[in-house]
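# Observations on chain architecture
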Amino acid sequence: MITTDILIIGAGPTGLFAVFEAGLLKMKCHIIDALPQPGGQLAELYPKKPIFDIPGYPSVNAGELVDNLMEQIKQFQPGFTLGETAISYTKVDDEWFEVVTNKGTVHRCKAIAIAGGLGTFEPRKPTFENVADYEEKGLEYFVKEPEHFRNKRVVIAGGGDSALDWSVFLSNVASEVTLIHRRNEFRGALDSVEKVQDLKNQGKIKLITPAEVTGIKGDGKVEAITVAVDGQDPYDIETDYFIPLFGLTPKLGEIGNWGLNIEKNAIVVNNALDYQTNIDGIYAIGDINTYPGKLKLILCGFHEATLMCQSVYNRLNPGKKFVLKYTTVSGVDGFDGSRKEAEKAVVKKID
Ligand SMILES: Cc1cc2nc3c(=O)[nH]c(=O)nc-3n(C[C@H](O)[C@H](O)[C@H](O)COP(=O)(O)OP(=O)(O)OC[C@H]3O[C@@H](n4cnc5c(N)ncnc54)[C@H](O)[C@@H]3O)c2cc1C
């Protein structure tokens, strides 16, 4: 049996950063993840995509951000159970929970932080008939390795951030990028929409809207897609790859049966306080939770992880006054204010 203070379900960026915040408060964490590697969506779906909205990083590749988070939490020596899915929990007594995985591993903990993101990753697929015939034969639902598309013709479909960001990125890699969306308006960030417009004006991206891809053609692999533009006869576009980026279907799995309040596949939390669920001692942080104004962004997950840890600290140390000190504050255990000393001081925040 594995025993810990906080059991974190999900090793995405939110779960990883929670280990750091818990460590500052001298709480031990263990992380379970269904995937064989840490990093959540960043490692599984877009390891090579640059991310522009992490404070302090003008740009950082998703994979690099995961590596940095792992480096940052190393000092707190979290335990990892990878490749196992948390399926059930029981409240053993006033102090302890037990969580069991699909492989029978039993985890004992004083608080549970569900950082399960989108749960299992199920891409929304095009609905026309022969889709399955072309999967991994030119039909790709994720861009894991952009170099794969170097000097190839690529058709991307979708209107959200993924479709926009990858169109922009691949316009410097692929020989031809066509972006097809069923509306004239896009759902993604304004900045990304403007970048796509600029690249269209420079002739680096072909933009076809409002239009829909209605079929794939090719002998054993994608050779062309059929596009139906509003009010016109469908026509074919020759391409080496078709990448439909229609988003992911969230699947909570067994956690959906834990008696938690669920709204639209997300766990309802108390955002005014500490991201606790309707079950005392069980928190939900990151993409998996919902509350008024929720944004599914990495930096929001970091914030939620921080407040969750403060709440668990108060739970585990009733009556003990928590004094917030900054990790770089001068005077912590002889810290002289230099960056080098600050790094040492990080692990000495609370005594
Ligand atoms: C293509 C794309 C581009 C994006 N770009 C950006 C961007 O530029 N900036 C930004 O801020 N956000 C971006 N996002 C969103 C960002 O990836 C998410 O907000 C972030 O990953 C959420 O982190 P998380 O840790 O909450 O969840 P996730 O990263 O989804 O990790 C959750 C983990 O929990 C595991 N898990 C789930 N259920 C269980 C269970 N029962 N047992 C064990 N493990 C479980 C999963 O396997 C997964 O590894 C992007 C998303 C996509 C898809």
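Heads up: the structure comes first, above all this text.
These lines cover the structure that appears in this document, whether it is placed above or below. Quick caveat, the model's predicted, so the values are computed rather than measured.

Moving on, we come to the sheet that holds strand β10 (residues 153-157). Overall, parallel pairing links the 4 strands, which are arranged β12-β11-β10-β16 in an open sheet. Bordering the open sheet on either side are β12 (205-208) and β16 (241-244), each of which pairs with just one other strand. The average undirected angle you get between the axes of adjacent strands in this sheet is 20°. One ladder, built from 4 bridges, connects β10 with β16; its direction is parallel. Residue pairing for β16: Val-154 is matched across the bridge by Tyr-241. Across the face of the sheet, helix α6 (residues 190-201) comes into contact with β11 (176-180) and β12 while running at roughly 110° to β12.

What follows deals with the site of the ligand. Lining the immediate surroundings of the ligand are 33 residues, of which Asp-33, Gln-41, Tyr-46, Asp-53 and Asp-287 lie closest. Here Lys-49 contributes a side-chain N or O atom positioned 3.2 Å from an oxygen atom of the ligand. Isolated, the ligand exposes 1000 Å² of accessible area, and the fraction of that covered by the protein chains is 92%. Elements supplying a minimum of two residues to the shell around the ligand: α1 (13-24), β2 (29-33) and α2 (40-44). When residues of the shell around the ligand are assigned to their parent elements, the largest contribution, 3 residues, is made by α2. For the shell around the ligand, a count of residues per class yields 16 nonpolar, 11 polar and 6 charged.

Let us now look at the nonpolar core. Membership of the largest hydrophobic core comes to 82 residues, with the highest contact counts inside it found for Ile-6, Ile-114 and Ile-156. Ile-156 has contacts with Ala-163, Trp-166, Ser-167, Leu-170, Val-177, Thr-178, Leu-179, Ile-180, Ile-243 and Leu-245, leaving out every residue within four places of it along the chain.

The sheet built from 3 strands is open, its strands ordered β13-β14-β15 with antiparallel pairing. The sheet is open, and its two borders are formed by β13 (211-217) and β15 (235-238), each paired with just one other strand. The mean angle between the axes of side-by-side strands here comes to 35°, regardless of whether they run parallel or antiparallel. Where β13 lies against strand β14 (residues 224-229), 6 bridges are found, and the strand directions are antiparallel. Its bridge partner being in β14, Gly-215 is matched across the sheet by Thr-226.

Attention shifts here to a positive patch on the surface. Taken together, the side chains of Arg-124, Arg-182, Arg-183 and Arg-187 make up a positively charged region of the molecular surface. If you trace the backbone, Arg-183 turns up in the loop between β11 and α6. Judged by relative accessible area, Arg-183 falls into the partly exposed class, the value being 41%.

Bringing helix α3 (residues 62-73) into the picture now. The terminal C-alpha atoms of α3, which comprises 12 residues, lie 17 Å apart, in line with the 16 Å expected from a rise of 1.5 Å per residue. For α3, the complete set of buried residues consists of Ala-62, Leu-65, Val-66, Leu-69 and Ile-73. Taken down its axis, α3 places every buried residue within 100° of arc, on the same side. Away from the buried face of α3 by more than 90 degrees, exposed residues Asp-67 and Glu-71 are located. The inward-facing, buried residues of α3 abut α1, α2, β3 (50-51), β4 (60-61), β5 (79-82) and α7 (298-316).

What counts, and at which threshold
Residues numbered from 1 in each chain as written. Predicted model: local features only at pLDDT ≥ 70, side-chain atom pairs only at ≥ 80, totals over all residues. Heavy atoms only, no water. Pairing = 2+ DSSP bridges. Helix = DSSP H or I, 4+ residues; strand = E, 2+ residues; numbered from the N terminus. Axes fitted to C-alpha atoms, helices over the stretch in contact; angles between N-to-C directions. Contact = heavy atoms within 4.5 Å. Near = heavy atom within 4 Å. Polar contact = N/O pair within 3.5 Å; in protein donor to acceptor, adjacent residues only side chain to side chain. Areas by Shrake-Rupley, 256 points an atom, 1.4 Å probe, with all protein chains shown as cover. Nonpolar A, V, L, I, M, F, W, Y, C, P; charged D, E, K, R; others polar. Core = buried A, V, L, I, M, F, W, Y, C linked by side-chain atoms within 4.5 Å. Buried < 20%, exposed > 50% of the residue type's maximum accessible area, 1.4 Å probe, protein only. Patch = residues over 30% accessible without salt bridge, like charges linked within 9 Å, V, L, I, M, F, W, Y side chains within 5 Å. Salt bridge = Lys/Arg side-chain N within 4 Å of Asp/Glu carboxyl O. Lys, Arg positive; Asp, Glu negative; His and termini not counted. Charge placed at Lys NZ, Arg CZ, Asp CG, Glu CD. Expected span 1.5 Å × (residues − 1). Arc of directions from axis to C-beta.

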